[in-house]
Amino acid sequence: MKVLISTDKLSKHYGKGGEIKAVDELDLEVYEGETFGLLGPNGAGKTTTVRLLNCIIKPTSGTATLNGDDILKDETEVKRVTGLLAESPGLYEKLSAYEFLEFMGALYDVPKDILPERIDNLLKLFGLHDRRDYLLEGYSRGMKQKILIAAALIHDPPILFLDEPTSMLDPRASLMVKDLIKKLANSAGKTIFICSHILPVVEELCDRIGIINQGRLVAVGTVDEIIAQTGTKTLEEAFITITGGVEEKELLAWREQKSANA
Ligand SMILES: Nc1ncnc2c1ncn2[C@@H]1O[C@H](COP(=O)(O)OP(=O)(O)OP(=O)(O)O)[C@@H](O)[C@H]1O
Ligand SMILES: [Mg+2]
């Protein structure tokens, strides 16, 4: 299997003395065509990792390659092979869906002669073709999320990063977006990197997951492998065991006792 994303002791530290280790010597590999989930509690370093891998911020030390291109040396190439749905992206509400995608296409240097067809195909794939000329301000949150994912795909990158793609969505919109992600993974053959703390989303969509805690990768593998590694029964328990302190372990023990008594 071809490794498409590879990080080498990737680190990003914040604070005066670098005391906040947002990402700390991360070593991670993502294979071509897989859907990989980076899972971790709030503040674990997921968004920072994604921002590093998309050349939005520079590492304190270490590096990473995407499709063989180095984030420190080949920024232009890296940006060409990656698309990003950011955690809190901006959207131009006064543009129509079509205009927004046209704008994003220009930003990513998509050739003018192929852009209209690309936009049409994306709008059809996302089921938004009939709304293409309506202003985005009138779109629901789920529809906006779909347009933002379409925008991340406008330059047809092989790798798509999705930072919390469903966390703000209701169950119906979330289902819509999850189906779309599956379609992108299966029919379009994209390599997808999802950050989330919503366990069922990751369980449903991802071939492999990595668990990050305080900037460090603490587990990696399939859901079953991670459950086996931790000697737990569910991903939820594994997650709490791996990322939690003493209190969380007590909580688990209490829950187990409760179910044993029930
Ligand atoms: N620009 C910044 N300046 C200072 N500290 C930062 C900055 N960006 C991130 N951090 C810190 O780095 C750590 C990791 O943050 P990050 O946003 O990567 O976490 P996350 O896993 O995405 O969390 P969440 O699930 O809440 O989105 C946190 O302690 C955060 O406060
Ligand atoms: Mg985040």
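Just so it is clear, the model here is predicted, and its values are computed rather than measured.

Caption draft 1: Region of interest: the site of ligand 1. Taken together, 14 residues surround ligand 1, and among them G43, K46, T47, T48 and E87 come closest. Within the side chain of T48, one N or O atom sits 2.5 Å away from an oxygen atom of ligand 1. Note that an oxygen atom of ligand 1 is positioned 2.5 Å from one of the side-chain N or O atoms of E87. Coverage of ligand 1 by the protein chains reaches 63% of its 630 Å² of free accessible surface. Per-element tally for the shell around ligand 1: the top contributor is helix α1 (residues 46–53), with 3 residues. Broken down by class, the residue content of the shell around ligand 1 amounts to 5 nonpolar, 6 polar and 3 charged.

Caption draft 2: Representation of the pairing of strand β9 (residues 208–213) in the model. Taking burial as the measure, the 6 residues of β9 include 6 buried ones, the bulk of the element. A two-sided burial pattern is seen for β9, the buried positions comprising R208, G210 and I212 on one face and I209, I211 and N213 on the other. For β9 and strand β10 (residues 216–221), the ladder comprises 5 bridges, and the chain directions are antiparallel. Following the sheet pairing, I209 is matched in β10 by G221.

Caption draft 3: Expanded view of a nonpolar patch on the surface. On the surface, a nonpolar cluster with roughly 400 Å² of combined accessible area is contributed by Y92, F103, L107 and Y108. Structurally, Y92 is set in the loop between β6 (82–85) and α3 (97–107).

Caption draft 4: Broad picture of the domain arrangement of the chain. Taken domain by domain, the chain comprises domain 1 (3–221) and domain 2 (232–262). A straight line from the C-alpha centre of domain 1 to that of domain 2 covers 31 Å. Buried surface at the junction of domain 1 and domain 2, both sides included, amounts to about 710 Å², of which 87% is carbon and sulfur. The tally of links from domain 1 across to domain 2 stands at 0 salt bridges. Summed over the shared surface of domain 1 and domain 2, the result is 1 residue pair in polar contact (both at pLDDT 80 or more). Only α7 (199–205), β9 and β10 provide two or more residues apiece to the side of domain 1 that touches domain 2.

Caption draft 5: Spotlight on the sheet that holds strand β8 (residues 191–196). In space, the 6 strands of this open sheet follow the order β6-β7-β8-β3-β9-β10, with mixed pairing throughout. Only two strands of the sheet have a single neighbouring strand rather than two, namely β6 and β10. Averaged over all neighbouring strand pairs, the angle between strand axes comes to 15 degrees, with direction disregarded. As paired strands, β6 and strand β7 (residues 159–163) are joined by 4 bridges and run parallel to one another. Looking at the pairing, G83 lines up with L160 of β7. Its contacts with the sheet put helix α5 (residues 141–152) on β6 and β7, and the angle it makes with β6 is roughly 160 degrees. Its contacts with the sheet place helix α9 (residues 235–243) against β3 (35–39), β9 and β10, and it is angled at close to 30 degrees to β9.

Caption draft 6: Expanded view of the packing of α3 against helix α4 (residues 115–125). It is at 10 Å that the axes of α3 and α4 come closest, and there the two elements cross at 130 degrees. Considered as vectors, α3 and α4 are oriented oblique to each other. As for the relative orientation of α3 and α4, their crossing is right-handed in sense. Between α3 and α4, the residues in contact are A97, Y98, L101, E102, G105 and A106 and L115, P116, I119, D120 and L123, respectively. The class makeup of the residues in the contact of α3 with α4 is 8 nonpolar, 1 polar and 2 charged.

Caption draft 7: Main features of α5. The end-to-end C-alpha distance of α5 is 17 Å, a good match for the 16 Å that 12 residues give at a rise of 1.5 Å each. Counting buried positions along α5 gives 10 out of 12 residues, so the element sits mostly inside the fold. Buried residues of α5: G142, M143, Q145, K146, I147, L148, I149, A150, A151 and A152, and no others. Buried residues along α5 sit in contact with β6, α3, α4, β7 and α6 (171–186).

Cut-off values and rules
Residues numbered from 1 in each chain as written. Chains lettered and ligands numbered in written order. Predicted model: local features only at pLDDT ≥ 70, side-chain atom pairs only at ≥ 80, totals over all residues. Heavy atoms only, no water. Near = heavy atom within 4 Å. Polar contact = N/O pair within 3.5 Å; in protein donor to acceptor, adjacent residues only side chain to side chain. Areas by Shrake-Rupley, 256 points an atom, 1.4 Å probe, with all protein chains shown as cover. Helix = DSSP H or I, 4+ residues; strand = E, 2+ residues; numbered from the N terminus. Nonpolar A, V, L, I, M, F, W, Y, C, P; charged D, E, K, R; others polar. Buried < 20%, exposed > 50% of the residue type's maximum accessible area, 1.4 Å probe, protein only. Pairing = 2+ DSSP bridges. Patch = residues over 30% accessible without salt bridge, like charges linked within 9 Å, V, L, I, M, F, W, Y side chains within 5 Å. Salt bridge = Lys/Arg side-chain N within 4 Å of Asp/Glu carboxyl O. Domains from an automatic or database assignment. Buried area = accessible area lost by both parts, 1.4 Å probe. Axes fitted to C-alpha atoms, helices over the stretch in contact; angles between N-to-C directions. Contact = heavy atoms within 4.5 Å. Parallel < 35°, antiparallel > 145°, perpendicular 65-115°, else oblique. Left-handed = near helix turned anticlockwise from the far one by under 90°. Expected span 1.5 Å × (residues − 1).

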